[in-house]
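Geometric and topological summary
For reference, the chains in residue letters:
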Amino acid sequence: MYKLPFIMIGLSIWQFSFAQPLNNHLQFDGTDDYISLNNMDVSGNAITLEAIINSSDLSNCQFRDCRIISKAVGLSTPEHYWMLSTNYSGPNTVLRFRLKTNGISTILVATAGPLSENTWYHVAATYDGANMKLFLDGTEVGSTTKTGALTINPAVEAWIGANPPSIENPWKGGIDEVRIWNVARTQTQLQAYSNNELTGTEVGLQAYYQLNEGNGQTINDQAGNNNTVLGSTTSADSSDPTFAINNPEQNITFNLQVILEGAFDPAQSTMTGNLLQKHMLPQGQPYTGSPWYYQGTEGDGWLPIDYPLGTVDWVLVSIRTTLDPAAEVARAAAVLLEDGTISPFDVDLNTAGSLYVMIEHRNHLPILSPQPIPIINNTVSYDFTLEDCYNVGTGFGQKLVGTNWMMYAGNADQEGLNSCDINSADRTFWDTVNGLFGVYNPGDFNLDGDINAADRIVFSFNNGIFTRIPKSTDTVGTNPILTCPPPSSVLDN
Ligand SMILES: [Ca+2]
Ligand SMILES: [Ca+2]
Ligand SMILES: [Ca+2]
Ligand SMILES: [Ca+2]
């Protein structure tokens, strides 16, 4: 037997530093937003200024000279004590560092590393008593010799995001992880913490702003020395930068139970698996077309043998953070099993708290959970069979059969507002397909693969039932989103 040789491929780990904000950060509007660090000084023979930045408009300032951190009394070099900014360099924008020692201010302009807009960078300026250096994403991009003790002046303010004291050269974009040290951090140290938060107790850390507060006016110094506020006052004002909330995506698993009335057999207290047994289930989830237009690839190419044992049919699950259909954050098609279990599925979501769950089926009335369901241990669990679903006004929720709540059957026509109602449009649909057998068709209300009087009977029991859940009847971007109307407008037989 010919045996394929096993080839070892030498893998070299190529480590890029993709800077990103760490948890929340602040967005500066490029007009008048800033944070004052008040009269902060750094004394001694060393300093490090460090931040994670993202400019949405590098040309927001003349000479592309926008301030990240600045202790100064004006815009000119001699008026600066320490400053980290961007600056024009030929066609490029690069980092710039100003520092005053022994009363003399020196400029260092980076010789490498052009900055792009809408890109996150870790930036740092260091001085160790012998050299000023600039670092971009942990790479040294400039240095010059410099000696002497830092010039201090407790009458001069230091700011983040603009030049004091007149709100000049304002930063436009994001700033995070502002760190000010009275030591020169080494390149190794800068790299090690370019994508990790500090504890706040590191030696030499004078001020450390994680900017994770997320709301309110107070900005905490994790180094414990210099708590401050947003903007120019302790209350909200036009100079307040805006918090940007970063919730990392989490993988949420959904464990749901629901019953389709049409498939339910009260004698067996279970649903029928006729469609699978008769090999009628489609090769892929059936909600790609009107009115759902859900393009997920669940079940693509599935043959009967690929379906889970006991599959009844597909349902379409929609997840939203509030009752508003516009708050939808995810949809998924999933298979429903005979015992009422929706085969567990998971979705990546960057949301916390609790979620509303809506279930749709191609010939049943849609339902929505009566309250948001909490995410517990990255799992959302809800059993629709134990209580009625959300309903409002005179709208209907679910049907109680014995001790089980279940979705109303008979909703074959779900175009536009017809999705909200079981009415003559559904009967008309049934008329057009009555007599077909061995089909996967919405007119087959009892899900046995044949369309006949048994289905019409299922419909007849529910004729006139409607839902008023806040449900989109059309999710295609070019069409307006309608919600199921108030009960006065539709009720026919
Ligand atoms: Ca942060
Ligand atoms: Ca503003
Ligand atoms: Ca209908
Ligand atoms: Ca049938």
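What counts, and where the lines are drawn
- Residues numbered from 1 in each chain as written.
- Chains lettered and ligands numbered in written order.
- Predicted model: local features only at pLDDT ≥ 70, side-chain atom pairs only at ≥ 80, totals over all residues.
- Helix = DSSP H or I, 4+ residues; strand = E, 2+ residues; numbered from the N terminus.
- Buried ≥ 20, exposed ≤ 12 C-beta atoms within 10 Å, placed from the backbone.
- Arc of directions from axis to C-beta.
- Contact = placed C-beta atoms within 7 Å.
- Pairing = 2+ DSSP bridges.
- pLDDT = per-residue confidence, 0-100.
- Core = buried A, V, L, I, M, F, W, Y, C linked by C-beta atoms within 7 Å.

A short note on the overall build of the protein chain
Across its full length, the protein chain holds 4 helices and 28 strands. For the C-alpha atoms alone, the extent of the protein chain along its principal axes is close to 95 × 75 × 40 Å. Looking at the protein chain residue by residue over its 493 residues, the buried ones come to 42%.

Focus: helix 3 (residues 424-433)
Within helix 3, burial applies to D426, F429 and W430. Along the axis of helix 3, the buried residues cluster in a sector spanning 100°; they form a single face. The outward face of helix 3, more than 90 degrees from its buried face, is lined by the exposed residues T428, D431 and T432. On its buried side, helix 3 packs onto helix 4 (453-462). G435 sits one or two positions beyond helix 3 and adopts a positive phi of about 105°.

Considerations on the sheet that holds strand 7 (residues 104-109)
On the basis of which strands lie adjacent, the open sheet formed by 6 strands has the order 2-11-4-5-6-7 and antiparallel pairing. The outermost strands of the open sheet, each flanked by one partner alone, are strand 2 (35-36) and strand 7.

Focus on the confidence of the model for the protein chain
Confidence in the prediction of the protein chain, expressed as mean pLDDT, is 91, and 92% of residues score 70 or more. Under a pLDDT of 50 for its full length, residues 487-493 has, in the predicted model, 17 contacts with residues more than four places off or in other chains.

Notes on the environment of I342
Looking at the secondary structure, you find I342 in strand 22 (residues 341-349). For I342, a count of 23 C-beta atoms within 10 Å gives the class buried. Linking I342 and L256, residues 86 residues apart in sequence, is a C-alpha distance of 5.4 Å. If sequence neighbours within four positions are ignored, I342 has contacts with L256, Q257, V258, V315, A334 and L336.

Some thoughts on the nonpolar core
V123, L134 and I175 are the most contacted members of the largest nonpolar core, which totals 61 residues. Non-local contacts of I175, meaning those with residues more than four positions away in its chain, are made with H25, L26, F28, A51, I53, I68, I160 and G161.

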